[in-house]
Amino acid sequence: MVTRALLRDWGLPDPGDSKKSRGRVIVVGGSRRAPGAALLAGEAALRVGAGRLGLVVPRSIDGQLGVTMPEAAVFAMPEDAGDTFDDVVLTELESADAVLLGPGFDDAEQTLATLRRVGSVGVRCLVLDAFALGILSAVPRSELPAALILNPNKEEAAILLGRDLSNDPVADVSEIARRFDAIVNCYGTVATPTGRTWQVKVGGPGLGTSGSGDVLAGAIAGFAARGGEPSRAAVWGSWTHARAGDRLAARTGIGFLAREIATELTPTLAETIG
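On a predicted model such as this, the values are computed, not experimentally measured, just so you know.

Observations concerning the overall build of the chain
Next up, step 1: When helices and strands are counted, the chain shows 11 helices and nine strands.
Next up, step 2: Relative to its length of 274 residues, the chain is compact, with a C-alpha radius of gyration of 17 Å against a globular reference of 19 Å.
Next up, step 3: Along the longest, intermediate and shortest principal axes, the C-alpha atoms of the chain span 45 × 40 × 35 Å.
Next up, step 4: Taking all 274 residues of the chain together, 54% fall into the buried category.
Next up, step 5: Counted over contacts in the chain with a minimum sequence separation of 6, partners at least 24 positions apart contribute 65%.
Next up, step 6: Put simply, the chain shows about 11400 Å² of open surface, and 50% of that area lies on carbon and sulfur atoms.

What follows is the structure, encoded as structure tokens:
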């Protein structure tokens, strides 16, 4: 069971004395239909302490996102699934401490092609969310980095399992972790391929709001970029996201927005580590 005492005992990597020492996150995602997903994920990564942020998004939206989030470096990806990334984007991916792929994507073919491109770069830690989970079974595990974190919701977990979920979330999430040789976080249950599990029991129904999963995925990527082990990054991300929801619900009731969850991550983290 995840508690504040456990997290304080784990601690977090020393932040050092500059943004470079706190890690770089690259978020690969976005679409004309859902440009804000990459923004929510990117803000969450910074809010939990990552030092630098890059957004790799379709060329049709890169300009507007650069204005909306001045803290991020913004890079354009090809609109056509068959085209390759340019050298600047490849360099950014190679140098990132954690790459999050999936928030805001809405085309399966584009997502599959992008995942395979990113996998070929050899990123240090890859976090997959949203559409990237729906097409994951089509990508051989050998094409993806050893450090792989999956952040499915319940519908995506069922897709990964190829069946309906059972009444045993720990068993279900553990099966996904073994099947894909990855760290998996699903609704507060975190599992490793070797059978270790943690359960986050904080959080409430207010978290069930549009964009909340993007914030969660960004928080996990942010903790991973800071240098935490992938399993601990998933636990830290799940706890901080859920506890932020509890804090907001206590103040305002249900009806808060995902962007407010992102903002609440920083004081929640301060509260947790004391």
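Examining the nonpolar core
Next up, step 1: Grouped together as the largest cluster of nonpolar side chains are 54 residues, with contacts concentrated most on Val25, Val27, Leu55 and Val215.
Next up, step 2: Breaking this core down by element, the ones donating at least two residues are α1 (4–10), β1 (24–28), α2 (36–47), β2 (52–58), β4 (98–101), α9 (212–225), α10 (230–252) and α11 (258–273).
Next up, step 3: Counting residues per element, this core draws most heavily on α9, at nine residues.
Next up, step 4: Val215 has contacts with Leu40, Ala44, His241, Ala258, Ile261, Ala262 and Leu265, leaving out every residue within four places of it along the chain.
Next up, step 5: Within the second largest apolar cluster, 37 residues are counted, among which are Val123, Ile135, Leu148 and Ala191.

With respect to the pairing of strand β7 (residues 183–186)
Next up, step 1: Because side chains alternate across β7, one face comprises the buried residues Ile183 and Asn185, and the other comprises Val184 and Cys186, equally buried.
Next up, step 2: With two bridges connecting them, strand β6 (residues 148–150) and β7 associate as parallel partners. Its bridge partner being in β7, Ile149 is matched across the sheet by Ile183.
Next up, step 3: Bridge analysis of β7 against strand β8 (residues 189–191) gives three bridges, and the strand direction is antiparallel. Within the sheet, the bridge partner assigned to Cys186 lies in β8 and is Thr189.

Considerations on the packing of aromatic side chains
Next up, step 1: Across all of its chains, the model carries two aromatic pairs by this definition.
Next up, step 2: The ring of Phe85 carries the charged tip of Arg117 above its face, separated from the ring centre by 5.0 Å.
Next up, step 3: The aromatic ring of Tyr187 is capped on one face by Lys154, whose charged end is 4.9 Å from the ring centroid.

Description of helix α7 (residues 154–161)
Next up, step 1: Buried within α7 we find Glu156, Ala157, Ala158, Leu160 and Leu161.
Next up, step 2: Packed against the buried residues of α7 are α6 (131–134), β6, α8 (169–180) and β7.
Next up, step 3: Residue Asn153 occupies the N-cap position of α7, its side-chain oxygen lying 3.1 Å from the main-chain nitrogen of Glu155.
Next up, step 4: Looking at the residues trailing α7, positive phi occurs at Gly162, about 75 degrees.

Notes on the layout of surface pockets
Next up, step 1: Space inside the largest pocket adds up to approximately 1000 Å³.
Next up, step 2: If you go around the largest pocket, you meet 45 residues; those closest to its centre are Pro152, Asn153, Lys154, Tyr187 and Leu216.
Next up, step 3: Elements supplying a minimum of two residues to the lining of the largest pocket: α7, α8, β7, α9 and α10.
Next up, step 4: Residue composition of the lining of the largest pocket, grouped by class: 19 nonpolar, 18 polar and eight charged.
Next up, step 5: The wall of the second largest pocket is formed by Gly36, Leu39, Leu40, Glu43, Leu46, Arg47, Thr68, Met69, Pro70, Glu71 and Arg259.
Next up, step 6: When the residues that make up the lining of the second largest pocket are grouped by side-chain class, the tally is five nonpolar, two polar and four charged.

Some points on the packing of α9 against α11
Next up, step 1: Their axes nearest at 8 Å, the elements α9 and α11 cross at an angle of 35 degrees. Handedness of the crossing formed by α9 with α11: right-handed. Counted together, Ser212, Val215, Ala219 and Phe223 of α9 and Ala258, Ile261, Ala262, Leu265 and Leu269 of α11 form the full contact between these two elements.
Next up, step 2: Among the residues forming the contact of α9 with α11, the class breakdown is eight nonpolar, one polar and no charged.

A short note on the pairing of β4
Next up, step 1: Burial of β4 is two-sided: the residues Ala98 and Leu100 facing one way and the residues Val99 and Leu101 facing the other way are all buried.
Next up, step 2: Sheet topology note: the β1/β4 ladder contains four bridges and is parallel. Residue pairing for β4: Val25 is matched across the bridge by Ala98.
Next up, step 3: Here three bridges tie β4 to strand β5 (residues 126–128), and the two strands are oriented parallel to one another. Bridge pairing links Val99 to Leu126 in β5.

Here we look at the sheet that holds β4
Next up, step 1: Strand order across the open sheet formed by nine strands is β3-β2-β1-β4-β5-β6-β7-β8-β9, with mixed pairing between neighbours. This sheet does not close on itself; its edge strands, each paired only once, are β3 (73–77) and β9 (197–199). Strand after strand, the sheet turns through a mean of 15 degrees between neighbouring axes, direction not considered.
Next up, step 2: Sheet topology places β5 next to β6; three bridges connect them, and they run parallel. By the bridge assignment, Leu126 is partnered in β6 with Leu148.

Criteria and thresholds
Residues numbered from 1 in each chain as written. Predicted model: local features only at pLDDT ≥ 70, side-chain atom pairs only at ≥ 80, totals over all residues. Heavy atoms only, no water. Helix = DSSP H or I, 4+ residues; strand = E, 2+ residues; numbered from the N terminus. Rg over C-alpha atoms; globule rule 2.2 N^0.38 Å. Buried < 20%, exposed > 50% of the residue type's maximum accessible area, 1.4 Å probe, protein only. Contact = heavy atoms within 4.5 Å. Areas by Shrake-Rupley, 256 points an atom, 1.4 Å probe, with all protein chains shown as cover. Core = buried A, V, L, I, M, F, W, Y, C linked by side-chain atoms within 4.5 Å. Pairing = 2+ DSSP bridges. Phe/Tyr/Trp six-rings, centres within 6.5 Å; stacked < 30°, edge-to-face > 60°. Lys NZ or Arg CZ within 6 Å of the ring centre and 35° of its normal. Polar contact = N/O pair within 3.5 Å; in protein donor to acceptor, adjacent residues only side chain to side chain. 1 Å grid on protein atoms, 1.4 Å probe; cavity = no way out; pocket = protein on both sides within 12 Å on 5 of 7 lines; lining within 4 Å. Points joined across faces, edges and corners; volume = space filled by probe spheres on them. Nonpolar A, V, L, I, M, F, W, Y, C, P; charged D, E, K, R; others polar. Axes fitted to C-alpha atoms, helices over the stretch in contact; angles between N-to-C directions. Left-handed = near helix turned anticlockwise from the far one by under 90°.

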